[in-house]
Amino acid sequence: MLQVAYIRDNKEDIVKRLAKRNIDATQMINEVISLDEARRSLQTKLDSTKAESNSLSKEIGNLFKSGEAQKANLLKEKTTQLKETTKTLEQELNYKADELKALLYKIPNVPNTIVPAGNTDEDNEEVFREGDIPVLYDGALPHWELAKKYDIIDFELGNKITGAGFPVYKGKGAKLQRALITYFLDKNTEAGYTEFQLPHLVNEASGFGTGQLPDKEGQMYHVTADNLYLIPTAEVPGTNIFRDTLLAESDLPIGITGYTPCFRREAGSYGAHVRGLNRLHQFDKVEILRVEHPNNSYNALDGMVEHVKDILKELKLPYRILRLCGGDLGFTSALTYDFEVFSTAQDRWLEISSVSNFETFQANRLKLRFKNSEGKNELCHTLNGSSLALPRVLAGILENYQTEDGIKIPEVLIPYTGFDMIS
RNA sequence: GGAGAAAUGGCAGAGUGGUCGAAUGCACUGGUCUUGAAAACCAGCGAGGGUCACACCUCCGGGGGUUCGAAUCCCUCUUUCUCCGCCA
C-alpha cells in the first residue's frame, strides 16, 4: 500500500511510473487526494467538536466539586448536543476513511525507474545468462515421462488421494526432494539467513498484511471452519513476523529463510505448459526474506540475486535472469528479477525463482518501522525471493541430467542424497 | 472441554471514575565528569492524525455499552498463564 503523503507529493511521477504497468492511474490518484482532503477536513471538524466537549466535561467536574450542581446540569445539556454532532461526524469520517483505504488497496506498487515498459513476459529484459545447455541423447524425455520410467513421482496416485496438482514423490524422488530442501537451507544459512519453521496456515490479518487479502482470496485455500488460509508462499507467515513492529536501526538488516509447502488454487489450465511439475496446487519452496534499511535495499536485492546465482551455478543448471517488465511485475513489487532454468527436454525456460524489492509497499501495510538516527520512525524496506522453488528445479535436474542409463545427481547434492544416480 | 487469573509505552511494571497519555525501572539519546571507557550525576525520551509551527484529536489486547467524563465500571471476542480433564 502506498502512503498518502507520498502520493500527495509525487502525483505526476507516480502516474508516469505506473504507466509502465499499462494502467492509467490519473483518476485513482486524483481520487485518493480528494478523498484524503475530505477525510482531513472531517477529522478537523470532529477534533474541534471533541475538544469542546472535553473542556466542558472538565468544567462540569469542577462545578460538581465546588457544589454548583445547577450550573453543571446546564452544561450537561450542551454536551448532549455535541455528542450527536460527534456521532454523525464520526460516521462520515469512517465512511471516507474506508473508501480511501479500499482505493489504496487497489493501487499497485510504483515500479522502479529501471523497470522496462511492456505488457507480457515477452517484454521482460534478459540481463544475465550462464551455464551450458546440455546436448542430450536421442529420445530424451520430459520429466513427467522420466518420473514414470524411474517410478519417482506418481501423479495419478496424487489424483486418487487428493486431485490434480498434488503429486506423490516416491523412493529416490522423495529423497532427492528432501536433499534439495536441505541443501537450499544450508546454502541460505551459510549466507547469513536465520532458519525459521513457520505455520502453514495463517489468519486473516496476516493475509491482509502481505496483500493476499482483500482481493486475491480466490488464490488461497480457505479453511472456513476456523477462518484460516493455507499459505501460498512462506512470504506470508515470514513477512508477518514483522507486522506491527518497531525495530532499532541496529537490528537491520534482518535475513530469514524457511522451507514450507505452498498451496495455490490457481485457475485450472491444461496442456503441455502445465504438465507434470510445471504447475501444482501443492509444492515445496525455500524462501529468503530480508528487512532492510531503505538506503540499502537495492544493494540487498543485488546480493540476493548473486546468492541465487551461486546456487544455480553449483547445481550446474543453465539459467537466465530476467528483469520483469511493468506488465509482468507483481502487484506489490517495485523491481523483480526472475530466474529461469532451461529445460532441454521441454525446450523451454522454467521460472524457478523470483526475487523482489517491495520497498515500503509491504512495510506500510504491516506497520514495520525502525527508529532512524534522528529518532524518527521510518518504514523499512522488505525483500524476498525463492531460493528455490522445488518442482521446477527438480524438473530441470531430471531433464538436463538424464542419460540413457539413468538420471545423474548433481555433484553438490550427492552428500545429501547418498546416491549419485537414479536408474 | 471445565474452573480461575491476566492483557498498559521498545521491554518490564504501577495505576479501580476527573488534574492519567499514564508512576517507576531498564533500554535509548544528549550533557557533566574521565586520557578514554565504565560507573555516577543532570536532561530528554510512546504511537498515529492534524498544523508552516503550535493548538487540538485519538490510542492502555479487538469490538460494543454505561457516564457530562472510562486504562479504571458493564457486555462480547481474541490471546496468554495456572489448575483439572482429554490426547500425540
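### Focus on the domain arrangement of chain A
Here's step 1: Partitioning chain A into structural domains gives domain 1 (4-106) and domain 2 (121-422).
Here's step 2: For domain 1 and domain 2, the distance between their C-alpha centres works out to 43 Å.
Here's step 3: Contacts between domain 1 and domain 2 engage 5 residues on the former and 10 residues on the latter.
Here's step 4: Both faces combined, the contact of domain 1 with domain 2 buries some 640 Å², and carbon together with sulfur accounts for 49% of it.
Here's step 5: Of all residues in domain 1, R21, Y105 and K106 give up the largest surface area on contact with domain 2, accounting jointly for 83% of the area buried on that side.
Here's step 6: Taken together, the connections running from domain 1 to domain 2 amount to 0 salt bridges.
Here's step 7: Where domain 1 packs against domain 2, one counts 4 residue pairs in polar contact (both at pLDDT 80 or more).

### Points about helix α2 (residues 11-18)
Here's step 1: By the burial criterion, the buried members of α2 are I14, R17 and L18. Around the axis of α2, the buried residues are gathered within 100° of arc, so they sit on the same side. Among the exposed residues of α2, those pointing more than 90 degrees away from its buried face are E12 and K16.
Here's step 2: Next to the buried residues of α2 lie α1 (4-9) and α3 (26-65).

### Here's the deal with the side chain of R21
Here's step 1: You can see R21 is positioned in the loop between α2 and α3.
Here's step 2: Buried charge without a salt bridge: R21, with D328 as the nearest opposite-charge side chain at an N-O distance of 9.2 Å.
Here's step 3: Polar contacts involving the side chain of R21 include one to the main-chain carbonyl oxygen of N109, which spans 2.9 Å.
Here's step 4: Not counting residues up to four positions away in its chain, the partners in contact with R21 are P108, N109, P111, G326, G327, L329, G330, F331 and S333.

### So, a negative patch on the surface
Here's step 1: A cluster of like negative charges, contributed by D121, E122, D123, D328 and E351, occupies part of the molecular surface.
Here's step 2: For D328, a relative accessible area of 31% translates into the label partly exposed.

### Observations concerning the sheet that holds strand β9 (residues 254-263)
Here's step 1: One open sheet holds the 8 strands; their spatial order is β1-β11-β12-β13-β16-β10-β9-β4, and the pairing between them is mixed. Two strands close off the open sheet at either side, each with one partner strand: β1 (125-130) and β4 (194-196). Between one strand axis and the next, the sheet turns by 25° as a mean value, whatever way the strands run.
Here's step 2: Bridging between β9 and strand β10 (residues 282-292) involves 10 bridges; their strand directions are antiparallel. Residue pairing for β10: G255 is matched across the bridge by R290.
Here's step 3: Across the sheet, helix α7 (residues 171-190) touches β4, β9, β10 and β16 (381-389), and the angle it forms with β10 is around 5°.

Calculation criteria
- Residues numbered from 1 in each chain as written.
- Chains lettered and ligands numbered in written order.
- Predicted model: local features only at pLDDT ≥ 70, side-chain atom pairs only at ≥ 80, totals over all residues.
- Heavy atoms only, no water.
- Domains from an automatic or database assignment.
- Contact = heavy atoms within 4.5 Å.
- Buried area = accessible area lost by both parts, 1.4 Å probe.
- Salt bridge = Lys/Arg side-chain N within 4 Å of Asp/Glu carboxyl O.
- Polar contact = N/O pair within 3.5 Å; in protein donor to acceptor, adjacent residues only side chain to side chain.
- Buried < 20%, exposed > 50% of the residue type's maximum accessible area, 1.4 Å probe, protein only.
- Helix = DSSP H or I, 4+ residues; strand = E, 2+ residues; numbered from the N terminus.
- Arc of directions from axis to C-beta.
- Lys, Arg positive; Asp, Glu negative; His and termini not counted.
- Patch = residues over 30% accessible without salt bridge, like charges linked within 9 Å, V, L, I, M, F, W, Y side chains within 5 Å.
- Areas by Shrake-Rupley, 256 points an atom, 1.4 Å probe, with all protein chains shown as cover.
- Charge placed at Lys NZ, Arg CZ, Asp CG, Glu CD.
- Pairing = 2+ DSSP bridges.
- Axes fitted to C-alpha atoms, helices over the stretch in contact; angles between N-to-C directions.

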